[in-house]
Amino acid sequence: MADSQAADLVIILITGPENPKRLPSAFFLASTAAAMEQNVIMYFTGPATELLKKGVAESIHPLEGGNSIADFMKLAEDNGVRVIGCAQSLDLNGMTVDDLTKSLPLLTPSQALPALGEAGRVLTW
């Protein structure tokens, strides 16, 4: 990974659009830790990779009339959370790099796990 400093917190996000009410908590935890000046990474893999697809996170509202998952993701990134996608999960979800809402690092599990494993805490969500 580009940052040589080990992350204080890694959230390996597996939950995707199938469970919208579970998603905000992961972003709240990441945002809070980053706002407290912790080095935070969220690694999107499996179904969570779909959240990186254009229009998907914007269309998911855990509470009717409430913020979208895209809003929660933006809050996390605005607080300094680094978002990384799983390159293999793009294929599993029928996606390509062109489907992503923006350019972001894409790593295979074998590329990501050494650095993610060095984190002070790792949560799977």
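By convention here, each chain's residues receive numbers from 1 onward along its written sequence. A pLDDT threshold of at least 70 governs which residues receive local features in this predicted model, and a stricter bar of 80 or more applies before side-chain atom pairs are shown or counted, although totals over entire chains, interfaces and linings include all residues. Only hydrogens and water are set aside when side-chain values are computed; all heavy atoms of the structure are taken into account.

Peer 1: Could you give an account of the confidence of the model for the protein chain, naming the residues involved and the relevant values?
Peer 2: Known as pLDDT, the predictor's per-residue confidence is scaled from 0 to 100. Predicted confidence across the protein chain gives a mean pLDDT of 91, with 97% of residues reaching 70 or more. Helix and strand labels come from DSSP, where a helix needs a run of H or I of at least four residues and a strand needs a run of E of at least two; each type is numbered from the N terminus. Within the protein chain, strand β5 (residues 121-124) has the poorest average pLDDT of any element, 83, and helix α2 (residues 56-59) the best, 97.

Peer 1: Now, about the pairing of strand β2 (residues 40-44): what can you tell me, with residues and values included?
Peer 2: Burial classification: accessible surface area is computed with a 1.4 Å probe over protein chains only, and a residue below 20% of its type maximum counts as buried, one above 50% as exposed, and the rest as partly exposed. Most of β2 is tucked away, with five of its five residues classed as buried. Side chains V40, M42 and F44 project from β2 onto one buried face, and the interleaved I41 and Y43 project onto a second face that is buried too. Being paired, for any two strands, means DSSP has found at least two bridges between them. For strand β1 (residues 9-13) and β2, the ladder comprises five bridges, and the chain directions are parallel. Across the sheet, I11 pairs through a bridge with M42, a residue of β2. By definition, the crossover connecting two strands over a helix is right-handed if that path, from the first strand to the second, turns clockwise as seen with the strands pointing away from the viewer. Chirality of the crossover, the property in question, places the unit of β1, helix α1 (residues 23-35) and β2 among those that are right-handed. In this structure, β2 lies alongside strand β3 (residues 82-86), joined through four bridges in parallel fashion. Residue pairing across strands places M42 opposite V83, the latter belonging to β3.

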